[in-house]
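Secondary and tertiary structure notes
One letter stands for each residue in the lines below.
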Amino acid sequence: MLLADVILPLAMPQNFTYAVPDGLRVQVGMRVVAPVGPRKFYSGIVEKVHENMPANFAVKELVCTLDEQPVVNAYQLNLWRWIASYYMCTLGEVMKAAIPSGLKLESATCVYFNTEWVQSEELTERQEKVLNIVSEKQQLPVNEIAARYPHKDLMRVVQSLVDMEALWVEEVMAERYKPRYETCVRLHPRIDSEKMLEEVFGQLTNAPQQSDLLAGYIQRSGIFSVRGTKAVSKKELMAGKNHAGAFASLVEKKILEPYPVNISRLSQNSAHTGNLPDMTPHQQEAANRIRELFCEKDTVLLHGVTASGKTEIYLHLIAEQLKLGKQVLYLLPEIALTSQIIRRLKNAFGDQAGIYHSKYSDAERVEIWNRVGKTDGYNVILGARSAIFLPFNRLGLVIIDEEHENTYKQFDPAPRYNGRDVAIVLAAMHSAKTLAGTATPSLESYYNALEGKYGLVELTQRYAGIAMPEIILADTSMAHKMKKMQSHFHPTLLEAIEQALADRKQIILFRNRRGFAPYIRCAACEAIPRCLHCDVSLTYHKFSNRLVCHYCGYATDSIVRCPECGSSEMTTVGYGTEKIEDEIQVMFPQVRIARLDMDTSRTRSRYEQIIADFECGKTDILVGTQMVSKGLNFENVSLAGILNADDMLNFPDFRAFERSFQLMMQVSGRAGRFGRQGKVIIQTSSPRHPVLMQVVAGDYGGMYRLQMADRQTFAYPPFYRLIRLTLKHKRKDVVHQAALELAECLIATFGRRVLGPDEPIVARIQTYYLENILLKIEKKASIQQAKQLVATVIDRFRALPSYRQLQIIPDVDPI
């Protein structure tokens, strides 16, 4: 008997084995529908086809296949296995993250009308309403019934009608992705010559509208001409004409024939020059060195200062791969960066270049997925971390831009992978090369380069010899004492803003906190509104006048009276991007201001519009979170302001100094990229802080040496590997006791390598209490063996009856 091991989108440690029915053609990588339990069905991916019958259980049969050809290739399955093994998760969890939602079938409860039902008792008003809705269409999914009749007792009413045998209910599988079709028009096959066409026109002498439509088709299609026949859509043919009746007559007379055409949702036929930008001697030297190192190393780190022209080097290397018939994956850490870069890729490579990220619709992502796997499809893909899961089959080069960014890491749900690290593994599986570029490398990557694991290329000059920006530290502590601060702005920053505006230049203001204020507080009793589900205060958003939890999304209207004491003296504390935007508008009323953060850029079109407006000069000042700091290229920006460096520096994390340096250098790099030298103002109450001194000097090497000494002393990466275990439960006492016991079990195996348990900064999220245990593994030790030992302890622990509701979440290489 032929059997298939199927990966289902479930967090199960083992795959499911099914019998393949006679006559069903199954291949590895195909989607199949498989039964789970007595009533449920899931769509899964075939991982293996074999004849090894399991000894301990009876197998069920697959229901059907969904594809004629595999949608997942061998490279992808190997990558999924590696991710599941390395990041301590299941193949089902990897599958859920990897496959676009449009390729997953969803199980839906469908209600059917029994056409043979004879009413024998009186119906209630609710029963009659539901019955009329269903009988109208004969069958409807429950969610559609609920949309037309949103009643809390809907399912009870449906069940009562099922009991009467008026309705019956069944679980069905529904495809999410539906191809888009357009109605096109062609001549009926019987009209196969120009002579016959002339005869048809003769028959239409008394039907001017029909004759007009036919002439319009002939003109647009070019049929019977030397240049060939062009497809003509019905919409194009009927544009501006009220000839619906005439068109129907032409179809009835078998003169014209409508037919459906599958059309893409993706923009195509982009105008492109095919020209690549010229490289400076420094860029050419760096590109040549990268090519040399690729002969020795699989991965090369390009350490180039901001505005050094790394993108131009990328474009030339991409062109070389395309000439070899290879594909290129170009990764970016933020979706917001893609709009600028894709224009450059489209200009150079036209429709060979595509883009893939979560802001695209499900249907668009399915079409991109399908085009990547085709020989005549996309050869260059620009995307965020999820693009690593696409079905590449000719991958030659992976580019990881801004490789230091922590947004390459997936936090929740599993798999908790690092897109940068997985991309390097993906390239190795394809025997491809990886180029990681940044102005501020992660300490781990720079260490790997210095140790010889990666090649290293340095680009120390800005493009066209433009000077690095002047960086000024503005002492807010002294300004507060001297009463010179204007709200949250140092006079030095305000003067620089005035000067930049006078020079008709643009400004970027960076504050890594969205919302108007981190919280509001009662001036009388100091009570602070908190989230009902998380252990955090609610952030005040002035634009929507709401208090919002940034962890679970809970929101409520802002309050004017304290719920504790009834006082009306509610005041905002701290400031976010909304408040910066608000206050700058008051200080500079004639200035055009925009804000770029998660609140203003929830849709693809919205963030593209914000960036486009700033790029073409419709906006004078752009206020934003870290979205404004990464890789954006604006010609007219002369000033960048960092409103509060202290929050970054004082964050309780061993990477805080490294990240602060990287973020401030990246924000600084947005200023003065073209023309004269830019200026950067950093507001801080600690102007003598070593990291700030290194930022002013642009001293990456000094920061690296200082931080690496601390990392080695206190056993942190890159000298040690980390595994963090997070325990979650709805009862605090249970999670605390479980954490103590689990830590004790781990200490018995790993000894002093175990730290904790302890509560994270936010110890309750979405009603679950949290505790963490951190495991440090020496670089020379086997990380795989350590993970196996950890998994054994966790499995033993999960089997305890008292902890069945407890969640234990491993995170390998936490950021």
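The residue numbering used here restarts from 1 in each chain and proceeds along that chain's sequence as written. For a predicted model such as this one, the threshold for reporting local features is a pLDDT of at least 70, and the threshold for listing and counting side-chain atom pairs is 80 or more; totals across whole chains, interfaces and linings nevertheless cover every residue. With hydrogens and water stripped out, all remaining heavy atoms of the structure feed into the side-chain values.

Some details on the overall build of the protein chain
Secondary structure is summarised from DSSP: a helix means a run of H or I of at least four residues, a strand means a run of E of at least two, and numbering begins at the N terminus for each. Along the backbone of the protein chain there are 25 helices and 35 strands. Here the globule rule is a power law, 2.2 Å times the number of residues to the power 0.38, and the radius of gyration is based on C-alpha atoms. In summary, the protein chain has a C-alpha radius of gyration of 31 Å against a globular reference of 28 Å for 815 residues, a match within 12%. Structurally, the protein chain occupies a C-alpha span of about 90 × 70 × 65 Å along its principal axes. Note on classification: 1.4 Å probe, protein chains only; a residue is buried when its accessible area is under 20% of the maximum for its type, exposed when over 50%, partly exposed between these limits. Within the span of the protein chain, comprising 815 residues, buried residues form 51% of the whole. Contacts in the protein chain between residues far apart in sequence, at least 24 positions, make up 74% of those at least 6 positions apart. A total accessible area of about 38,700 Å² is found for the protein chain, and carbon and sulfur atoms account for 49% of it. Should any heavy atoms of two residues lie within 4.5 Å, those residues are counted as being in contact. The protein chains shown are the only cover counted for residues, whose accessible areas, like all others here, come from Shrake-Rupley with a 1.4 Å probe.

Here we look at helix α5 (residues 154-163)
Every buried residue of α5 is accounted for by Leu154, Val157, Val158 and Leu161. Down the axis of α5, the smallest arc covering the buried residues is 100°, so these residues share one side. Opposite the packed face of α5, turned more than 90 degrees from it, sit the exposed residues Arg156 and Asp163. Just downstream of α5 lies Glu165, where phi reads positive at about 70°. Here, the arc refers to the directions that run from the helix axis to the C-beta atoms.

Some remarks on the layout of surface pockets
By volume, the second largest pocket is sized at about 1,000 Å³. Forming the walls of the second largest pocket are 33 residues, and the residues nearest its centre are Met88, Cys89, Thr90, Glu93 and Arg798. Counting only elements with at least two residues in the lining of the second largest pocket, the list comes to α1 (74-86), α2 (91-98), α25 (783-798) and β35 (807-812). Looking at which element gives the most residues to the lining of the second largest pocket, the answer is α25, with seven residues. For this scheme, ten residues count as nonpolar: Ala, Val, Leu, Ile, Met, Phe, Trp, Tyr, Cys and Pro. Four count as charged, namely Asp, Glu, Lys and Arg, and the remainder, Gly too, count as polar. Of the residues in the lining of the second largest pocket, the class split is 19 nonpolar, seven polar and seven charged. Put plainly, a pocket is an open set of points on a 1 Å grid over the protein atoms alone with protein on both sides within 12 Å along at least five of seven lines, a cavity is a set where a 1.4 Å probe fits but cannot get out, and a lining residue has an atom within 4 Å of a point. Grid points are joined across faces, edges and corners, and a volume is the space filled by probe spheres set on the points.

A short note on the environment of Ile809
As for its position among the elements, Ile809 is in strand β35. Note: C-alpha distance between Ile809 and Met88 (721 residues apart in sequence) is 9.0 Å. Setting aside chain neighbours within four positions, we find Ile809 in contact with Arg416, Arg724, Leu725, Thr726 and Lys728.

Examining the nonpolar core
Counting residues in hydrophobic clusters, the biggest one holds 154 residues, and the most contacted among them are Trp80, Leu329, Leu345, Ile381 and Met664. Top element by residues in this core is helix α24 (residues 732-750). It accounts for eight residues. When neighbours within four sequence positions are excluded, Leu329 is seen to be in contact with Ile381, Ala387, Ile388, Phe392, Leu395, Leu397, Val398, Ile399 and Leu426. Among the buried residues, those of types Ala, Val, Leu, Ile, Met, Phe, Trp, Tyr and Cys that are joined through side-chain atoms within 4.5 Å form a nonpolar core. Ranked by size, the runner-up nonpolar core spans 20 residues in total, among them Ala474, Ala496, Ile497 and Ile621.

A few points about the packing of helix α6 (residues 194-203) against helix α7 (residues 208-221)
Here the axes come from fitting lines to C-alpha atoms, over the contacting stretch only for helices, and the angles between their N-to-C directions go from 0 to 180 degrees. Between α6 and α7, whose axes approach to 10 Å, the crossing angle comes to 155°. Of the possible angle classes, the one that applies to α6 and α7 is roughly antiparallel. With respect to the hand of their crossing, α6 and α7 are arranged in left-handed fashion. Taken together, the residues of α7 that come into contact with α6 (itself represented by Leu197, Val200 and Phe201) are Ser211, Leu214, Ala215 and Ile218. Relative orientations are named as follows: roughly parallel for angles under 35 degrees, roughly antiparallel for angles over 145 degrees, roughly perpendicular for angles from 65 to 115 degrees, and oblique for any other angle. Here a crossing is taken to be left-handed if its near helix is turned anticlockwise relative to the far helix by less than a right angle, and right-handed if that turn runs clockwise.

Things to note about unusual backbone geometry
Each neighbour pair has its own omega, and for Ala414 with Pro415 the value is 5°, a cis peptide bond. Assignment of secondary structure puts Pro415 in the loop between β17 (395-401) and α14 (419-429). A cis amide bond links Pro717 to the next residue, Pro718, at an omega of 10°. Positive phi, normally seen in glycine, also occurs at Glu402, with a value near 50°. Examined against the element boundaries, Glu402 turns out to sit in the loop between β17 and α14. Residues other than glycine seldom take positive phi values, yet Ala715 does so here, at roughly 60°.

A short note on the packing of aromatic side chains
Under the pairing criterion, centres of Phe, Tyr and Trp rings, with the six-membered ring standing for Trp, must be within 6.5 Å; the plane angle then separates stacked pairs below 30 degrees from edge-to-face pairs above 60, leaving the rest tilted. Taken as a whole, this structure holds 16 aromatic pairs when the rule is applied. Between Tyr446 and Tyr700, the ring centres sit 5.0 Å apart and the planes meet at 80°, which makes this aromatic pair edge-to-face. A residue pair is termed long-range when its members are at least 10 positions apart, and Tyr446 in helix α15 (residues 443-450) and Tyr700 in helix α23 (residues 700-713) qualify at 254 residues. Residue Tyr446 is classed as buried on the basis of its relative accessible area, which comes to 10%. Tyr700 gets classed as buried once you look at its relative accessible area, which sits at 6%. In our convention, an over-ring charge means Lys NZ or Arg CZ found within 6 Å of a ring centre and within 35 degrees of that ring's normal. Just above the ring of Tyr716 sits the side chain of Lys776; from NZ or CZ to the centre is 3.8 Å. Positioned above the aromatic ring of Tyr86, the side-chain terminus of Lys787 is 3.8 Å from the ring centre.

Details of the sheet that holds strand β19 (residues 455-459)
Strand order in the open sheet formed by seven strands is β15-β16-β14-β17-β18-β13-β19, with parallel pairing between adjacent strands. What marks the edges here is a single partner per strand, and that holds for β15 (353-356) and β19. This sheet shows a mean twist of 20° between the axes of neighbouring strands, independent of strand direction. One requirement defines pairing of two strands: DSSP has to find at least two bridges between them. Across five bridges, the pairing between strand β14 (residues 327-331) and β17 is parallel. Directly across from Val328, in β17, lies its bridge partner Leu397. Those strands touched by helix α10 (residues 281-294) are β13 (299-304), β17, β18 (433-438) and β19, and its axis lies near 180° from that of β19. Against the sheet, helix α11 (residues 310-323) touches β13, β14, β16 (380-383), β17, β18 and β19, its axis set at about 170° to β17.

Examining the pattern of salt bridges
Any Lys or Arg side-chain nitrogen found within 4 Å of a carboxyl oxygen on Asp or Glu counts as a salt bridge. In the structure shown here, the tally under the stated rule is 32 salt bridges. Where Asp421 meets Arg420, a salt bridge forms, and the shortest distance between an N and an O atom there is 3.0 Å. Judged by its relative accessible area of 22%, Asp421 falls in the partly exposed class. Accessibility expressed as a relative area gives 11% for Arg420, which makes it buried.

Such coordinate-based values are descriptive only and should not be taken to indicate function.
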